[in-house]
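Structural features, examined
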Amino acid sequence: MLIKSAVFKISAPDLKHCPKSTLPEFAFIGRSNVGKSSLINMLTNKKGLAKTSSTPGKTKLINFFTMDDSWNLVDLPGYGYAKVAKIDKKEFNKAVIDYLQKRDNLTCVFVLIDCRREPQPMDIEFVNWIGNSGIPFVLVFTKTDKISPNQLKNNIEVFMDKLKESWEELPKYFSTSVSTKAGKEDLLNFIEKLIVK
Ligand code: GTP
Ligand code: MG
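Residues numbered from 1 in each chain as written. Chains lettered and ligands numbered in written order. Predicted model: local features only at pLDDT ≥ 70, side-chain atom pairs only at ≥ 80, totals over all residues. Heavy atoms only, no water.

1. Things to note about the overall build of the chain
A tally of regular secondary structure across the chain gives five helices and seven strands. Tracing the chain from N to C terminus, the helices and strands come up as β-β-α-β-β-α-β-α-β-α-β-α. For the chain, whose C-alpha radius of gyration is 16 Å, the value lies close to the compact-globule estimate of 16 Å for 197 residues. Here the chain, with 197 residues, has 46% of them falling under the buried criterion. At a minimum sequence separation of 6, the contacts of the chain that also span at least 24 residues come to 74%. Accessible surface, the chain: about 10,600 Å² in total, of which carbon and sulfur atoms supply 51%. Averaging the locations of the 30 positively and 22 negatively charged side chains of the chain gives two centres separated by 6 Å. (Helix = DSSP H or I, 4+ residues; strand = E, 2+ residues; numbered from the N terminus. Rg over C-alpha atoms; globule rule 2.2 N^0.38 Å. Buried < 20%, exposed > 50% of the residue type's maximum accessible area, 1.4 Å probe, protein only. Contact = heavy atoms within 4.5 Å. Areas by Shrake-Rupley, 256 points an atom, 1.4 Å probe, with all protein chains shown as cover. Lys, Arg positive; Asp, Glu negative; His and termini not counted. Charge placed at Lys NZ, Arg CZ, Asp CG, Glu CD.)

2. What to know about helix α1 (residues 36-44)
Most of α1 sits out of view: eight of its nine residues are buried. Buried residues of α1: Lys36, Ser37, Leu39, Ile40, Asn41, Met42, Leu43 and Thr44, and no others. Just beyond α1, the residue with positive phi is Asn45, at close to 60 degrees.

3. A short note on the site of ligand 1
Residues in contact with ligand 1 amount to 22 residues; listed here are only the nearest, Lys36, Ser38, Gly57, Lys58 and Thr59. One of the backbone N or O atoms of Val34 is found 3.3 Å from an oxygen atom in ligand 1. Contacts to ligand 1 include Gly78, whose backbone N or O atom sits 3.5 Å from an oxygen atom. Across the complex, the protein chains shield 86% of the 660 Å² of accessible surface that ligand 1 would expose by itself. (Near = heavy atom within 4 Å. Polar contact = N/O pair within 3.5 Å; in protein donor to acceptor, adjacent residues only side chain to side chain.)

4. Observations concerning the pairing of strand β2 (residues 25-30)
Across the six residues that make up β2, a large majority, six, are buried. With burial as the criterion, each face of β2 is covered, one bearing Glu25, Ala27 and Ile29 and the other bearing Phe26, Phe28 and Gly30. Across four bridges, β2 lies against strand β4 (residues 71-75) in parallel orientation. Looking at β4, one finds that Ala27 is bridged to Val74. Relative to strand β5 (residues 106-114), β2 is paired through six bridges, and the arrangement is parallel. Pairing of Ile29 across the sheet is with Val111, part of β5. (Pairing = 2+ DSSP bridges.)

5. With respect to the packing of aromatic side chains
Applying the stated criterion across every chain yields a total of eleven aromatic pairs. Taken together through their ring pairs, the aromatic side chains of Phe26, Phe28, Trp71, Phe110, Phe174 and Phe190 make up a single cluster. (Phe/Tyr/Trp six-rings, centres within 6.5 Å; stacked < 30°, edge-to-face > 60°.)

Structure below.
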């Protein structure tokens, strides 16, 4: 699938400010700096569409982008950014959790995991939470250009083994790199199947 037009719509601080929409919607979540905004730019071929930064905590609002007038991508603020004041952190978590639990047109959530790192408690906690909430999601291991294919395979195995401690059925997963564009076609094909249903 090729995206012909990718348009920024609005940034919302919370669910009640999110734009009304019945279009299928796909949201990107994960630790700060894992590459959520970069991945949106890769998928849309638009470098500056979602704002990226090497400093964690760049995305602070719920950002909506509409593709070809027919489906939405949503860039969410990251979790686990320690420098954000506690009270703010609470507010953000609440807004994001509200969005994830109550957004009617949410079709699938992409939970991004940095492929270089051993399973982080916060990621495992989040995956367990989203799984228990019954929100449809898949995993995306990001920044695959930073390690060898063997290391990648091994790290994914370790992560999945960790999930096996709590889950019988494991989530679907992808691996991506914005540098090599690995995973781009896979992700777009996956989305395409869900939007034509
Ligand atoms: P927050 O909005 O702060 O939560 O971060 P984010 O998850 O949106 O991350 P962002 O897309 O801003 O990327 C963070 C940093 O990682 C930037 O410096 C990106 O250039 C870099 N980055 C993202 N994806 C990749 C990748 O696939 N490979 C490499 N090498 N760097 C990446
Ligand atoms: Mg971001």
